[in-house]
Amino acid sequence: MSAPLTTRAAWDEPMRVALAEAQAALSGDDVPVGAVVLDESGAVIGTGRNTREAEGDPTGHAEVVALRAAAATRGEWRLTGCTLVVTLEPCTMCAGALVLARVDRLVFGAYDDKLGAVGSLWDVVRDRRLNHRPEVVAGVLAADSTALLDSFFARHRLPGRHEAT
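Residues numbered from 1 in each chain as written. Predicted model: local features only at pLDDT ≥ 70, side-chain atom pairs only at ≥ 80, totals over all residues. Heavy atoms only, no water.

Draft legend 1. Examining the sheet that holds strand S4 (residues 105–110) more closely. With mixed pairing, the five strands of this open sheet are ordered in space as S2-S1-S3-S4-S5. Either end of the sheet is taken by a strand with one partner, and the two such strands are strand S2 (44–49) and strand S5 (135–138). Geometrically, the sheet is characterised by an average inter-axis angle of 15 degrees between neighbouring strands, direction not taken into account. When strand S1 (residues 34–38) meets strand S3 (residues 83–88), the two strands line up antiparallel, connected through four bridges. Paired with Val37 across the strands is Leu84, a residue of S3. Each of S3 and S4 is contacted by helix H5 (residues 142–156), which is oriented at about 55 degrees to S4, the strand it contacts most. (Pairing = 2+ DSSP bridges. Helix = DSSP H or I, 4+ residues; strand = E, 2+ residues; numbered from the N terminus. Axes fitted to C-alpha atoms, helices over the stretch in contact; angles between N-to-C directions. Contact = heavy atoms within 4.5 Å.)

Structure follows, in structure tokens:
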């Protein structure tokens, strides 16, 4: 994966890595969302899965976990040239974090009609008032991401608990 990826299908392989992270979240009570950060060459430099329940951390979203890991790998907070691949459309917190980290590209699977901030409810990453706007590739292996989430919520449906991230 050394050349830039230009088609949606070219992102299938990195999305499968993110889906494996999402599957790993199923070992606990966390919503199965997974993320990976790729550097300019396409190498994985950070991975993450939801850890809110496991760690009691409201910021334990897959994207934030993966961004922190990538920043640690790089030794700096600026992730210029990087791509964040995540199974679910980021929420406002995660969309803001990837903008602030200067991620060049966001690739996501399923849209999140309840909390999505990359086109569903808001469009944080393309807001012209911000100083950084990453490229967005949406819908990569969306059916796989949706099936994983639907399966989780069918087993864990609790009254008043309908958020996806």
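Draft legend 2. Highlighting the pattern of salt bridges. Here the structure, examined in full by the defined rule, presents six salt bridges. When the shortest N-O distance is used, the salt bridge between Asp127 and Arg129 registers 2.6 Å. (Salt bridge = Lys/Arg side-chain N within 4 Å of Asp/Glu carboxyl O.)

Draft legend 3. Helix H1 (residues 12–25), seen in detail. The end-to-end C-alpha distance of H1, which contains 14 residues, comes to 20 Å, matching closely the 20 Å that a straight helix rising 1.5 Å per residue would cover. All of the buried residues in H1 are Asp12, Pro14, Met15, Ala18, Leu19, Glu21, Ala22 and Ala25. Viewed end-on, H1 has its buried residues packed into an arc of 165 degrees, placing them on one side of the element. Contacts made by the buried residues of H1 are with S1, S2, S3, S4 and H5. (Expected span 1.5 Å × (residues − 1). Buried < 20%, exposed > 50% of the residue type's maximum accessible area, 1.4 Å probe, protein only. Arc of directions from axis to C-beta.)

Draft legend 4. The arrangement of the packing of H1 against H5 in detail. For the pair H1 and H5, the least separation of the axes is 11 Å and the interaxial angle reads 0 degrees. In terms of their interaxial angle, H1 and H5 are classed as roughly parallel. When H1 is examined against H5, the residues Leu19, Ala22 and Gln23 are found in contact with a partner set consisting of Asp144, Ser145 and Leu148. For the contact of H1 with H5, a count of residues per class yields three nonpolar, two polar and one charged. (Parallel < 35°, antiparallel > 145°, perpendicular 65-115°, else oblique. Nonpolar A, V, L, I, M, F, W, Y, C, P; charged D, E, K, R; others polar.)

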